[in-house]
Amino acid sequence: MLQNYLSNLFESTKTPNLLGDASSVLSRDASKNLVDRIAHAIHRRTSSLGRAASVALYLPRDNRYLATILAVWQSGHHYIPLNQAWPDRHTQQILDDARPDLLIADTRQFDGSVPMLSIQEAVACVNPEPELHNAWHRAAAEPGIAYVIYTSGSTGGQKGVVISRRALTAYIDWVRRTLHLHRDNRMLLINGEMSFDISIADLAFALAFETEIHISPDPKNMLAHARLLRDRSIDTFYAVPSTINRL
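Residues numbered from 1 in each chain as written. Predicted model: local features only at pLDDT ≥ 70, side-chain atom pairs only at ≥ 80, totals over all residues. Heavy atoms only, no water.

Asks: Help me understand the packing of helix α2 (residues 28-46) against helix α6 (residues 130-141) in this model?
Replies: Running from N to C, α2 and α6 cross one another at 80°; their axes reach a closest spacing of 12 Å. The orientation of α2 relative to α6 falls into the category roughly perpendicular. Side by side, α2 and α6 meet where Lys32, Asp36, Ala39, His40 and His43 of the first sit next to Leu132, His133 and Trp136 of the second. Partitioning the contact of α2 with α6 into residue classes produces 3 nonpolar, 3 polar and 2 charged. (Axes fitted to C-alpha atoms, helices over the stretch in contact; angles between N-to-C directions. Helix = DSSP H or I, 4+ residues; strand = E, 2+ residues; numbered from the N terminus. Parallel < 35°, antiparallel > 145°, perpendicular 65-115°, else oblique. Contact = heavy atoms within 4.5 Å. Nonpolar A, V, L, I, M, F, W, Y, C, P; charged D, E, K, R; others polar.)

See below:
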């Protein structure tokens, strides 16, 4: 179950830290605290729906983006990753097609038809009460959607591909079985776009083996990748062949 993998990730003693970006690294406790606060903010804005919510993410590549994905899953919802490098028109087209229940963004403003929650407000939310955790655990255990990722549109318009929590959990199970020789790996670096499905492979590896999750500031900056790999002694790097060759 996805919720079990999330709980193991937060409670693991494999390494003291969990989330890292170009400027900071958060302990597992601090990471879980951040995830809880964001999840609570999402809950406050979506609980009136009476169902799992779709949450679009328009965020910079930092710890808050990673924590928000985990918060969405923890509270039984699903996310739609957006890319701040996209033209505004492209982003708006996806929002118009997906019609998310909530859009979490930093300072960018979009069409008012999409309810917005600033990441600053989400991070400042109070920690939830224990009973809310129990409700989330039940919600996350239900069949539902894990994420919706949009294709590049190279063969027409962009299409939203719906991936269920059951499918994602099956993939994590497969990673555990197939890559078990790497189960002692301690840290990974997400280098691809969060709106590209290769990012799911990184998250699945982290959930399978309880590794730290670090994210580079720019997918195209090979020097930034190399610097983080070196300075933090990161032992797991998954990328398309062109990126690996350039690195």
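That covers the picture; the talk isn't over yet.
Asks: Sorry if this is basic, but what is going on with the packing of aromatic side chains here?
Replies: Geometrically, a pair of aromatic rings is defined through the distance of the ring centres and the angle of the planes. All told, the structure shown has 4 aromatic pairs when counted by the stated rule. Centroid distance tyrosine 171 to tryptophan 174: 5.9 Å. Interplanar angle 10°. Geometry classified as stacked. Here tyrosine 171 pairs with tryptophan 174, and both are found in helix α7 (residues 165-178), just 3 residues apart, close to one helical turn. Take tryptophan 174: its relative accessible area is 40%, and that puts it in the partly exposed class. On the basis of an interplanar angle of 65° and a centroid distance of 4.9 Å, the ring pair of phenylalanine 205 and phenylalanine 209 is categorised as edge-to-face. One end of the pair, phenylalanine 205, and the other, phenylalanine 209, are both in helix α8 (residues 198-209), 4 residues apart, so they sit about a helical turn from each other. (Phe/Tyr/Trp six-rings, centres within 6.5 Å; stacked < 30°, edge-to-face > 60°. Buried < 20%, exposed > 50% of the residue type's maximum accessible area, 1.4 Å probe, protein only.)

Asks: How do you make sense of the nonpolar core when you look at a structure like this?
Replies: As a rule of thumb, soluble globular proteins bury nonpolar side chains together. Counting 53 residues, the largest nonpolar core has Trp73, Tyr79, Ile104 and Ile213 as its most contacted members. Counting 13 residues, the second-largest nonpolar core is a separate cluster that includes Ala56, Trp86, Ile94 and Val114. (Core = buried A, V, L, I, M, F, W, Y, C linked by side-chain atoms within 4.5 Å.)

Asks: Explain the packing of helix α1 (residues 2-11) against helix α3 (residues 63-74) here, please?
Replies: In a packed pair of helices, the relevant descriptors are the angle between the two axes and the axis-to-axis distance. The contact between α1 and α3 brings their axes to 10 Å, and the two run at 135°. In terms of orientation, α1 lies oblique with respect to α3. The chirality of how α1 crosses α3 is left-handed. In this structure, α1 uses Leu2, Gln3, Leu6, Leu9 and Phe10 to contact α3, whose residues at the interface are Leu70, Trp73 and Gln74. Looking at side-chain class alone, the contact of α1 with α3 contains 6 nonpolar, 2 polar and no charged residues. (Left-handed = near helix turned anticlockwise from the far one by under 90°.)

Asks: Is there a simple way to explain the sheet that holds strand β1 (residues 17-20) in this structure?
Replies: One open sheet accounts for 5 strands, arranged β2-β1-β10-β9-β11; its pairing is mixed. Of all strands in the sheet, those bounded by a partner on one side alone are β2 (25-27) and β11 (236-237). Across the sheet, α8 lies against β9 (187-190), β10 (212-215) and β11, angled at about 165° from β9, the strand it touches most. Across the face of the sheet, helix α9 (residues 222-231) comes into contact with β9, β10 and β11 while running at roughly 170° to β9. (Pairing = 2+ DSSP bridges.)

Asks: How should I be thinking about the layout of surface pockets in this particular structure?
Replies: Where empty space is left becomes clear once a probe the size of a water molecule has been rolled over the atoms. Taken as a whole, the largest pocket encloses approximately 280 Å³ of empty space. Along its surface, the largest pocket is lined by 16 residues, and Tyr150, Thr151, Ser152, Ser195 and Phe196 are the ones closest to its centre. When contributions to the lining of the largest pocket are tallied by element, the ones reaching two or more residues are α4 (88-98) and β7 (145-150). In terms of residue class, the lining of the largest pocket is made up of 7 nonpolar, 6 polar and 3 charged. (1 Å grid on protein atoms, 1.4 Å probe; cavity = no way out; pocket = protein on both sides within 12 Å on 5 of 7 lines; lining within 4 Å. Points joined across faces, edges and corners; volume = space filled by probe spheres on them.)

Asks: I tried to follow the pattern of salt bridges on my own but got confused; where do I start?
Replies: Should the charged atoms of two oppositely charged side chains come close, the side chains can pair. The final tally for this structure, using the stated rule, is 4 salt bridges. Here lysine 32 makes a salt bridge to aspartate 36, at a shortest N to O gap of 2.8 Å. With lysine 32 and aspartate 36 both in helix α2 and 4 residues apart, this pair spans about one turn of that helix. Using a relative accessible area of 9% as the deciding quantity, one classes aspartate 36 as buried. With a closest N to O distance of 2.7 Å, arginine 230 and aspartate 231 form a salt bridge. (Salt bridge = Lys/Arg side-chain N within 4 Å of Asp/Glu carboxyl O.)

Asks: Where do I start with α4 in this structure?
Replies: An α-helical turn contains 3.6 residues, so a residue and the one three or four places further along point in the same direction. Taken together, the buried positions of α4 are occupied by His90, Thr91, Gln92, Ile94 and Leu95. Against β3 (54-58), β5 (102-105) and β7 lie the buried residues of α4. Immediately downstream of α4, the backbone of arginine 99 shows phi near 50°, a positive value.

Note that all results are geometric; they support no functional claim without further evidence.
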